[in-house]
Amino acid sequence: MSKKNPLLTITVTALMLFSMFFGAGNLIFPPMLGVEAGTSFTPAIVGFLGTGVLLPILAIVAIAISGNDMRDLASRGGVFFGVVFSVVAYLSIGAFYALPRTGAVSYETAFQPLTGWDSLAASAAFNFCFFGVALLLAWNPSAIVDNLGKFLTPVLLVLLLVLVVIALSKFDGIAGVPSEKYAEAPLAAGLLEGYLTMDSIASLAFGIIVISALKHNSFPNGSALVRGTILAGIGAGVILGIIYVALGYIGQIIPDPSRYVNGAGLLSDAANLAMGYPGQIVFGLIVLLACLSTAVGLIAATSEFFSSLMPRVTYKMWAVVFALMSFAMATMGLDTVLAIAAPIIGFIYPPAITLIFITLIEPLARPWVTFHWTFRLAIWVAVVWSALVTFDSLGWGSSIIVPLISWTPLHDVALGWVLPTLLAFVVGVGVDAVQRHRRRAVAAA
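Since we're looking at a predicted model, the values are computed, not measured. (Residues numbered from 1 in each chain as written. Predicted model: local features only at pLDDT ≥ 70, side-chain atom pairs only at ≥ 80, totals over all residues. Heavy atoms only, no water.)

Peer 1: I'd like a description of the pattern of salt bridges, backed by residues and values.
Peer 2: Evaluated as defined, the whole model comprises six salt bridges. Glu362 is paired through a salt bridge with Arg76; the nearest N and O atoms lie 2.5 Å apart. Of this pair, Glu362 sits in helix 16 (residues 334-365) while Arg76 sits in the loop between helix 4 (70-74) and helix 5 (79-93), placing them 286 residues apart in sequence. Of the two residues, Glu362 and Arg76, neither departs from the other in class, the shared state being buried. For Lys181, the salt bridge is made with Glu193, and the minimal N-O distance between the two is 3.4 Å. Of this pair, Lys181 sits in helix 9 (residues 180-184) while Glu193 sits in helix 10 (residues 186-195), placing them 12 residues apart in sequence. (Salt bridge = Lys/Arg side-chain N within 4 Å of Asp/Glu carboxyl O. Helix = DSSP H or I, 4+ residues; strand = E, 2+ residues; numbered from the N terminus. Buried < 20%, exposed > 50% of the residue type's maximum accessible area, 1.4 Å probe, protein only.)

As structure tokens, this is what we get:
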């Protein structure tokens, strides 16, 4: 990659970041949203874009503002929180969930339908090759921008463009009646669907790769690096948003949309209806490339983090460990992966979102107050509330927990943590303002 053209560097970095974001969930959630939202598609897709695009971009911006990686950002909630949250987040988007999911989804959605092979041996062979290639592409961190941004992503975008254009030109269906959740609160339902892409957490992890890539291409520390990181995040977000809307619209106009129960089946049929058997191959390649590029990014980000946390174990050693763990879990199937990861995912989202937003607000408030207790109080309220919700979802002490948490607005749509966290934020700002006033008074005395 040229080290003399900042615009080219940012463009290719944005393509790399898009490819890391755009995994299996990003491909299959929007079409089903289009089906289920029906005539409520507009507010639903706006909600989806809010948590599936805007929030990840804001997370990239937060990383750029706070330092080099997730630990720098999370340490604003205290040293203990900085380490524990970062480890849990990296493992949940890495070897415990998102990374093995890339292999499991590729096998079940792309490989198995085309070959008809359905056995443990076939799954093991496919996932061994899949994670072997991902490990090879992630082996040299400095080459990831070129491997993804210059090669895999352009091919992926061309295939997506072919599928979308042909499908939109051939289908002429009309939007149906919204399902219950989209009829009652389409915006909130869309927000929750965007939540499930996990890109808000992934972006906290991918920030380290974006910053490292820009530094490798001669972006100096300081405002230039922050600006380049933000522009790369925005570029990736724009591409994501356009593709999400297009995929969602396919779900709106595909013939007889109500017969589909998941986005993978819908897009597979859309490819077949639009192009016949070649369409099935195109769809399989889209899934494979989307999952592979995400796997490369996750191996790299997770290995870089753990090698910085425990320097005695090198980046390449961690990469091998995470590739092997993911191979083992993916071979066991997607249901096993989801069962292990679902509670962890639900737990880390509220403190992650709280951390992102307070980090973005802090520069605006700095002339009047320095955030200290603001971070700690708001983040720990989000942690405790999220833990209670997670325990309730697992059936642990629900008779005691439900009365404690069910009173909050938006509890029914899994956003009950927002008001308590907001109140803690206000209290924290008040405490920080009082302490700053006292320090100034002492200094002036």
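Peer 1: I'd like a rundown of the packing of aromatic side chains, residues and numbers included.
Peer 2: Applying the stated criterion to the full structure yields 22 aromatic pairs. With a centroid separation of 5.2 Å and an interplanar angle of 40°, the aromatic rings of Phe306 and Trp318 are classed as tilted. Of this pair, Phe306 sits in helix 14 (residues 277-309) while Trp318 sits in helix 15 (residues 315-332), and the two are 12 residues apart along the sequence. This pair shows no difference in class: Phe306 is buried, exactly as Trp318 is. Taken together through their ring pairs, the aromatic side chains of Tyr107, Phe111, Trp117, Phe126, Phe130 and Phe131 make up a single cluster. (Phe/Tyr/Trp six-rings, centres within 6.5 Å; stacked < 30°, edge-to-face > 60°.)

Peer 1: Break down the layout of surface pockets for me, with residues and values.
Peer 2: Empty space within the second largest pocket amounts to approximately 440 Å³. Class assignment of the residues belonging to the lining of the second largest pocket gives a composition of 16 nonpolar, four polar and no charged. (1 Å grid on protein atoms, 1.4 Å probe; cavity = no way out; pocket = protein on both sides within 12 Å on 5 of 7 lines; lining within 4 Å. Points joined across faces, edges and corners; volume = space filled by probe spheres on them. Nonpolar A, V, L, I, M, F, W, Y, C, P; charged D, E, K, R; others polar.)

Peer 1: Pulling in residues and values, what's your account of the nonpolar core?
Peer 2: In terms of nonpolar packing, the biggest core is built from 141 residues, with Phe22, Leu27, Phe85, Leu204 and Phe206 touching the most fellow members. Top element by residues in this core is helix 14. It accounts for 16 residues. Sequence-distant contacts of Leu204, that is, excluding residues within four places in its chain, are made with Ala59, Ile63, Met70, Leu73, Phe85, Tyr90, Ala352 and Ile356. (Core = buried A, V, L, I, M, F, W, Y, C linked by side-chain atoms within 4.5 Å. Contact = heavy atoms within 4.5 Å.)

Peer 1: I'd like a description of the environment of Trp407, backed by residues and values.
Peer 2: Tracing the sequence through the fold places Trp407 in the loop between helix 18 (398-405) and helix 19 (418-444). Each C-alpha atom of the pair Trp407 and Ser19 lies 40 Å from the other, and the pair is 388 residues apart in sequence. Beyond its immediate sequence surroundings of up to four residues, Trp407 is in contact with Trp385 and Leu419. Polar side-chain contacts of Trp407 include one of 2.8 Å to the backbone oxygen of Leu404. (Polar contact = N/O pair within 3.5 Å; in protein donor to acceptor, adjacent residues only side chain to side chain.)

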